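Structural description and commentary
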Amino acid sequence: MDAHISDGDVRGTVRAPPSKSYTHRAILAAGYSDGAIVRSPLVSADTKATARAVEAFGGDAIRNTERDTYEVDGFGGDPDTPGNVVDCANSGTTMRLVAGAAALADGKTVLTGDDSLRSRPQGPLLTALTELGADAESTRGNGQAPLVVGGPIEGGEVAIPGDVSSQYITSLLMAGAATDEGVEIDLTTELKSAPYVDITIEVLDAFGITAEPLGADAAAGADGFRVAGGQHYEPSDGEYTVPGDFSSISYLVAVGAIAADPDSEVVVEGAFPSAQGDTAIVDVLERMGAAVEWREDDGVIVVDRSDLSGVEVDVGDTPDLLPTIATLGAVADGDTRIVNCEHVRLKETDRVAAMADELEKMGASVTEEEDTLTIHGDESDLTGAAVSGRADHRIVMALAVAALAADGETVIEGAEHVDVSFPGFFDALYDLGASVDLVGEDGPDEAHPI
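None of the values given here were measured: they were computed from a predicted structure.

What the protein contains, in helices and strands, is twelve helices and 25 strands. Rg of the C-alpha trace for the protein: 21 Å, near the compact-globule value of 22 Å for 450 residues, within the 12% margin. Counting only C-alpha atoms, the protein reaches 60 × 45 × 45 Å along its principal axes. Residues classed as buried in the protein amount to 59% of the 450 residues present. Within the protein, contacts between residues at least 6 apart in sequence are counted, and of these 74% link residues at least 24 apart. Of the roughly 16,000 Å² of accessible surface on the protein, a fraction of 40% belongs to carbon and sulfur atoms.

On to the packing of helix H7 (residues 246-259) against helix H8 (residues 280-287). Angle between the axes and distance between the axes: these two values describe a pair of packed helices. The contact between H7 and H8 brings their axes to 9 Å, and the two run at 25°. Taken together, the axes of H7 and H8 lie roughly parallel to each other. Classified by chirality, the crossing of H8 by H7 is right-handed. The residues of H8 that touch H7, namely those facing Phe-246, Ser-250, Val-253 and Ala-257, are Ile-281, Val-282 and Leu-285. Considering only residue class, the contact of H7 with H8 consists of six nonpolar, one polar and no charged.

Attention shifts here to the packing of aromatic side chains. Overall, the coordinates contain eight aromatic pairs when judged by the stated rule. Taking the centre distance of 5.7 Å and the plane angle of 40° together, the rings of Phe-207 and Tyr-240 count as tilted. Placement of Phe-207 in the loop between helix H6 (194-206) and strand E12 (211-214) and of Tyr-240 in strand E14 (residues 239-241) is noted, with a sequence separation of 33 residues between them. For Phe-207, a relative accessible area of 0% corresponds to the buried category. Classification of Tyr-240 as buried rests on a relative accessible area of 9%. Centroid distance Phe-425 to Phe-426: 5.2 Å. Interplanar angle 70°. Geometry classified as edge-to-face. Relative accessible area serves as the criterion here: at 0%, Phe-425 is assigned to the buried category. Of the aromatic side chains, those joined through ring pairs into one cluster are Tyr-32, Phe-57, Phe-75 and Tyr-233.

With that out of the way, let us pick up unusual backbone geometry. In this structure, Pro-146 follows Ala-145 across a cis peptide bond, with omega equal to 5°. Looking at the element boundaries, Pro-146 is found in the loop between strand E8 (135-138) and strand E9 (147-150). Unusually for a residue other than glycine, Ser-40 sits at a positive phi of about 50°. With respect to the helices and strands, the residue Ser-40 is situated in the loop between strand E3 (36-39) and helix H2 (45-56). The exposure class assigned to Ser-40 is partly exposed, which follows from its relative accessible area of 27%. Within the chain, Ala-89 stands out as a residue other than glycine whose phi angle is a positive 55°. Tracing the chain through its elements places Ala-89 in the loop between strand E6 (86-87) and helix H3 (92-102).

What follows concerns the sheet that holds strand E5 (residues 69-73). If you trace the four strands from one edge of the open sheet to the other, you get E4-E5-E3-E14, paired in mixed fashion. Of all the strands in the sheet, just strand E4 (60-64) and E14 have a single pairing partner and so form its edges. Neighbouring strand axes in the sheet, compared pairwise and without regard to direction, differ in orientation by 20° on average. Across three bridges, the pairing between E3 and E14 is parallel. Bridging from a neighbouring strand, Ile-37 pairs with Glu-239 of E14. Contacting E4 and E5, H2 runs over the sheet at an angle of about 140° to E4.

With that out of the way, let us pick up the nonpolar core. In this structure, Ile-301, Leu-373 and Phe-426 are the most contacted members of the largest nonpolar core, which totals 79 residues. With 70 residues, the next largest nonpolar core counts Leu-111, Ala-145, Leu-173 and Tyr-233 among its residues.

What follows concerns the layout of surface pockets. In this structure, the largest pocket occupies an estimated 290 Å³ of space. Lining of the largest pocket is provided by 18 residues; of these, Ile-258, Arg-305, Val-331, Ala-332 and Ala-405 occupy positions nearest its centre. Listing elements by their share of the lining of the largest pocket, those giving two or more residues are H7, helix H9 (322-331) and helix H11 (393-405). Taken together, the residues that form the lining of the largest pocket break down as nine nonpolar, four polar and five charged.

Further remarks concern the pairing of E5. With four bridges joining them, E3 and E5 adopt antiparallel strand pairing. Residue pairing for E5: Arg-39 is matched across the bridge by Thr-69. Of the pairings in the sheet, the one linking E4 to E5 comprises five bridges and is antiparallel in character. Note on E5: the bridge partner recorded for Arg-63 is Tyr-70.

Cut-offs used in this document
- Residues numbered from 1 in each chain as written.
- Predicted model: local features only at pLDDT ≥ 70, side-chain atom pairs only at ≥ 80, totals over all residues.
- Heavy atoms only, no water.
- Helix = DSSP H or I, 4+ residues; strand = E, 2+ residues; numbered from the N terminus.
- Rg over C-alpha atoms; globule rule 2.2 N^0.38 Å.
- Buried < 20%, exposed > 50% of the residue type's maximum accessible area, 1.4 Å probe, protein only.
- Contact = heavy atoms within 4.5 Å.
- Areas by Shrake-Rupley, 256 points an atom, 1.4 Å probe, with all protein chains shown as cover.
- Axes fitted to C-alpha atoms, helices over the stretch in contact; angles between N-to-C directions.
- Parallel < 35°, antiparallel > 145°, perpendicular 65-115°, else oblique.
- Left-handed = near helix turned anticlockwise from the far one by under 90°.
- Nonpolar A, V, L, I, M, F, W, Y, C, P; charged D, E, K, R; others polar.
- Phe/Tyr/Trp six-rings, centres within 6.5 Å; stacked < 30°, edge-to-face > 60°.
- Pairing = 2+ DSSP bridges.
- Core = buried A, V, L, I, M, F, W, Y, C linked by side-chain atoms within 4.5 Å.
- 1 Å grid on protein atoms, 1.4 Å probe; cavity = no way out; pocket = protein on both sides within 12 Å on 5 of 7 lines; lining within 4 Å.
- Points joined across faces, edges and corners; volume = space filled by probe spheres on them.

Listed below in structure tokens is the structure:
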């Protein structure tokens, strides 16, 4: 499906979707429990994959649309061996997090996914699980899915790099609490995307599980992590509520900063403080000169259209913000340098190269290096063009934001991929007054123009 978006002013109020990162962890934590209710979950392609995995391990995850919940009957820390291959679709988070659960089962679990997921690195996690006593391997011997993981592990000490994916740490911590001995993790390299491990520790705490960083008060700067074994997953009052998603909020506030009606504003609701590193988008916008106000107690961000200036942003801990920041850089004065971004090449697609290539099609001037992306705002003049979303939800949404600042119409291929994390994204743009048409292979989609 293609999204046809024309430049124009927007205004109004929209609500942020629930957090994908928290939803993944909450559904799986509920699976590790005897049973729990997950309130206000993000229901997307990725989180549905995690819910299916919980069911594959012997639990049940029932979606109640009237109450906006997942009602999870868990497997109590003792997962069954799945009776079939576990298809994680396009969700790297699902594959990595449930690999730890698979290592607890007394039998072998096969984990696979789509073409994109089968190209992503899993080797360090497989090595760590093997060190803990699991039989964990890539069927092709290249550290990529399909994976075969057999257990059960009892716990122990393990060393793992921290600069490939923080999700490896999350997987080991969540599974470690259900082992007999617990798990102690030694980081062999500096941890990237540290706030995502803070999210994990926060969710574990809400489910009654104690896990802690070693050598620091938070994940950033930690030498490793420890989780005691023999713990029981049980949230307070048997339920957990998912907060709003700041990765998704980043696109909405960027829309306000570059396309809000000069006589109005864009208001984003559901933006309450949490451990999410992507709350940094507010600071990035402030540094760029945006008129943005975050009313934390109310969970509201108000953004006015602003003249932006280029800045340098380190995305070592916030990789999902790179596409948004790159788009902002294309309409800012001066250079915007996004540094420490080599690990962003290991997502659903190489997001560094993808944003460089697609923004260039729209008239942006970009310099791409291995760990740095520089957008030359003074040399950029965005014009509508045909661009590819690269089958990546974050690329699609970032290009949609750019389209609102580009002269003419932009056509984004693969618009359906927003379903991975923000199924209502184009509805949100339309509600703000954007010109959005979604067109399928056989003509206009039945639900759009929205």
